[in-house]
Structures are given as structure tokens and as C-alpha cells.
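Reading the structure
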Amino acid sequence: MSSELKITEVKHRFNTEVLLSGEVDIYTSQMLKEKLYGILDDTKQDMLINCEGLTYIDSTGLGIFVGVLKKAKQYGKGIRISKLKENIKKLFLITGLDKLFVILD
Amino acid sequence: MAKKVEKIELALPFKAEYVSVARLTASGIAARMGFDIESVEDIKVALSEVCNKLVSAGSKSSDRYVIDFIIHSSKIEILINFEDRRLAGLFGTNGDELGISIIEALMDTFKVSTDDSNTLSMSKEIKGKI
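Below, the discussion takes up the overall build of chain B. When helices and strands are tallied, chain B shows three helices and five strands. Tracing chain B from N to C terminus, the helices and strands come up as β-α-α-β-β-α-β-β. Relative to a compact globule of 130 residues, whose C-alpha radius of gyration would be 14 Å, chain B shows 14 Å and is just as compact. Residues counted as buried form 50% of the 130 residues belonging to chain B. In chain B, the proportion of contacts linking residues at least 24 apart, taken out of those at least 6 apart, comes to 69%. Element-wise, carbon and sulfur atoms account for 51% of the exposed surface of chain B, whose accessible area totals about 6600 Å². Looking at chain B, you have 17 positive and 20 negative side-chain charges, and the mean spots of the two groups are 4 Å apart.

Right, dumping it as C-alpha cells:
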């Protein structure tokens, strides 16, 4: 089903790129949390979350992004978010999270 | 010309895996009514936020909550009914702000009623329609 969440990890020399596709909602958000936290703990690198294939996210998913950012900061690292679709960028603006994250086009 | 008001009901268990069903239903109805893509998305997101809260809290007095989609000629009204009065508190000022701020920003109205029925209601007008 296209709405399923797929998480793909691509290791680069100085950061880890995580490609998200599908939907992040209350059902899939726990999987996202475990995966992103796990990647940070393993790599202790900066993370680029590529949202090109992400079609939907709710407040539970946004909350996980915030948690991941806090965790990255504990390691002295950062999180950048790229290729947000307009409908999702709107949620970042409404919630003020656009000011918390580095958002790339 | 005034169109007859129609109602579609959806009863869902308090389970996370069925929130997507509410979302898909909302998007189907809103698109059918003539909302633009952005507004369809707004309605989906707002309804999901309500369902998320209900599902996260769960209910002791019932195993389902009921969503009524009321189709007016130029607006959609969504009523979410739950037996458990305690659940209304989830949407008060002490609730999770992220979800509430999203709902309030995306819908035209958002109200919680705890008088005789425990119902949440929200509505959105179709842009450009009178």
C-alpha cells in the first residue's frame, strides 16, 4: 500500500541521509522513532531527513522530529530536513517548527 | 439552489491502525464536495489529530467512537461523538498544544461540547461558494 511508511538509510562520509516515503501517522510513528533514534545512536553523525516521498505527517510524527533533534543536540550534531511537500511545509509553519529546524528545498 | 444536507457516519475502534480510515473517508467526502486539494488535506490532517488524541487516551466506557460527516451545500461539518466524558478534557487548554494548534489553524471552527452529549465539532467552508 502506498501509504505505508518506508525508511531508507544512506550513509555518507560526514552525515547520514534518511529517506522517508509514505505516511507518518499515529500507527507508523513508533517505527519512525525507533529507526531515527537507532541511526543517531549508531552513527552519532549529522542527519539529513529527505522527505521527498513523504506524503503525510501528523503531530505525533512532528513530535518525533523534535525528539530526534534534541537527541542529536546531545551528541553535538544537527538535523536538517529537505524536500518537504507544500502540505507538510504548511504544518511546520503553523506549529513554528520551521524556526527550530534547518529546512532545505 | 439549496442542496439537501446529507450525513455519513463512520464508527471506528479506538485503535491507531484505523485512523487512516478516518483520513481516507474525510478526503473522499471533501473531494466529492468540491474542496480544493489544499483544503482536502487540511480536513484530513485536522480530523486525524482528533482521532489521534482519542485513540491515544482510549476509552473505558465504549469500544468505538463515531464520526459524522455532515455535508452542507457550501461547508463540511464533522462531529466526533464519544461516550467517555473524560475524553473531552483532552481538547482543553491543558491538552497537547501541537495537535490543537494544527486543528485550529486548519479548520474554520473547532468546538468541544460536554453538556448532554460529548461531541467535538469542526467545520470548514468551501472557498468561493456562498
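Once that is clear, we can look at the confidence of the model for chain A. Averaged over every residue, the pLDDT of chain A is 94; residues scoring 70 or more account for 97%. Here helix H3 (residues 86-95) of chain A stands out as the element of chain A with the lowest mean pLDDT, 95, in contrast to strand S4 (residues 79-82) of chain A, whose mean of 98 is the highest.

Counted under the stated rule, the structure contains four aromatic pairs over all chains. A centroid spacing of 6.3 Å and a plane angle of 35° characterise the contact between Phe65(A) and Phe92(A), whose relative ring orientation is tilted. With Phe65(A) in helix H2 (residues 59-74) and Phe92(A) in helix H3, the pair connects residues that are 27 residues apart, well separated along the chain. Here Phe65(A) falls in the buried class, since its relative accessible area comes to 2%. Look at Phe65(A) and Phe101(A): their rings are 6.4 Å apart centre to centre, the planes differ by 70°, and that puts the pair in the edge-to-face class. Here Phe65(A) is found in helix H2, whereas its partner Phe101(A) is found in the loop between H3 and strand S5 (102-104), with 36 residues between them in sequence. With respect to class, Phe65(A) is no different from Phe101(A); both count as buried. Joined through ring pairs, the aromatic side chains of Phe65(A), Phe92(A) and Phe101(A) make up one cluster. The ring of Tyr56(A) carries the charged tip of Arg23(B) above its face, separated from the ring centre by 4.0 Å.

With that out of the way, let us pick up the packing of helix H1 (residues 29-43) of chain A against H2(A). Residues and elements named next belong to chain A. For the pair H1 and H2, the least separation of the axes is 10 Å and the interaxial angle reads 15°. The orientation of H1 with respect to H2, classified from their angle, is roughly parallel. When you trace H1 past H2, the crossing you get is right-handed. The segment H1 lies against H2, with Ser 29, Leu 32, Lys 33, Leu 36, Tyr 37, Leu 40 and Asp 41 engaging Thr 60, Gly 61, Ile 64, Phe 65, Gly 67, Val 68, Lys 71 and Ala 72.

This part is about the interface of chain A and chain B. Each side of the interface is counted separately: chain A has 16 residues, and chain B has 22 residues. Taking both partners together, chain A and chain B bury about 1500 Å²; carbon and sulfur atoms supply 63% of that area. At the surface where chain A touches chain B, the tally comes to four salt bridges. Asp25(A) is paired through a salt bridge with Arg23(B); the nearest N and O atoms lie 3.1 Å apart. Counting every contact that joins chain A to chain B gives eight residue pairs in polar contact (both at pLDDT 80 or more). Looking at the side of chain A that touches chain B, the elements that each hand over two or more residues are strand S3 (46-57), H2 and H3 of chain A. When residues in the side of chain A that touches chain B are grouped by element, the largest group, five residues, is from H3(A). Taken together, the residues that form the side of chain A that touches chain B break down as six nonpolar, six polar and four charged.

As a further point, take the sheet that holds strand S4 (residues 109-113) of chain B. Residue and element names in this part refer to chain B. Overall, antiparallel pairing links the five strands, which are arranged S1-S2-S3-S5-S4 in an open sheet. Of all strands in the sheet, those bounded by a partner on one side alone are strand S1 (6-13) and S4. Along the sheet, successive strands turn relative to each other by an average axial angle of 15°, direction set aside. With seven bridges connecting them, strand S3 (residues 75-81) and strand S5 (residues 119-125) associate as antiparallel partners. Its bridge partner lying in S5, Ile 76 is registered against Lys 124. Against the sheet, helix H1 (residues 19-33) contacts S1, strand S2 (64-71) and S3, and its axis sits at roughly 5° relative to S2. On top of the sheet, helix H2 (residues 37-57) reaches S2, S3, S4 and S5; it is set at about 170° to S5, its chief contact.

Parameters and conventions
- Residues numbered from 1 in each chain as written.
- Chains lettered and ligands numbered in written order.
- Predicted model: local features only at pLDDT ≥ 70, side-chain atom pairs only at ≥ 80, totals over all residues.
- Heavy atoms only, no water.
- Helix = DSSP H or I, 4+ residues; strand = E, 2+ residues; numbered from the N terminus.
- Rg over C-alpha atoms; globule rule 2.2 N^0.38 Å.
- Buried < 20%, exposed > 50% of the residue type's maximum accessible area, 1.4 Å probe, protein only.
- Contact = heavy atoms within 4.5 Å.
- Areas by Shrake-Rupley, 256 points an atom, 1.4 Å probe, with all protein chains shown as cover.
- Lys, Arg positive; Asp, Glu negative; His and termini not counted.
- Charge placed at Lys NZ, Arg CZ, Asp CG, Glu CD.
- pLDDT = per-residue confidence, 0-100.
- Phe/Tyr/Trp six-rings, centres within 6.5 Å; stacked < 30°, edge-to-face > 60°.
- Lys NZ or Arg CZ within 6 Å of the ring centre and 35° of its normal.
- Axes fitted to C-alpha atoms, helices over the stretch in contact; angles between N-to-C directions.
- Parallel < 35°, antiparallel > 145°, perpendicular 65-115°, else oblique.
- Left-handed = near helix turned anticlockwise from the far one by under 90°.
- Buried area = accessible area lost by both parts, 1.4 Å probe.
- Salt bridge = Lys/Arg side-chain N within 4 Å of Asp/Glu carboxyl O.
- Polar contact = N/O pair within 3.5 Å; in protein donor to acceptor, adjacent residues only side chain to side chain.
- Nonpolar A, V, L, I, M, F, W, Y, C, P; charged D, E, K, R; others polar.
- Pairing = 2+ DSSP bridges.

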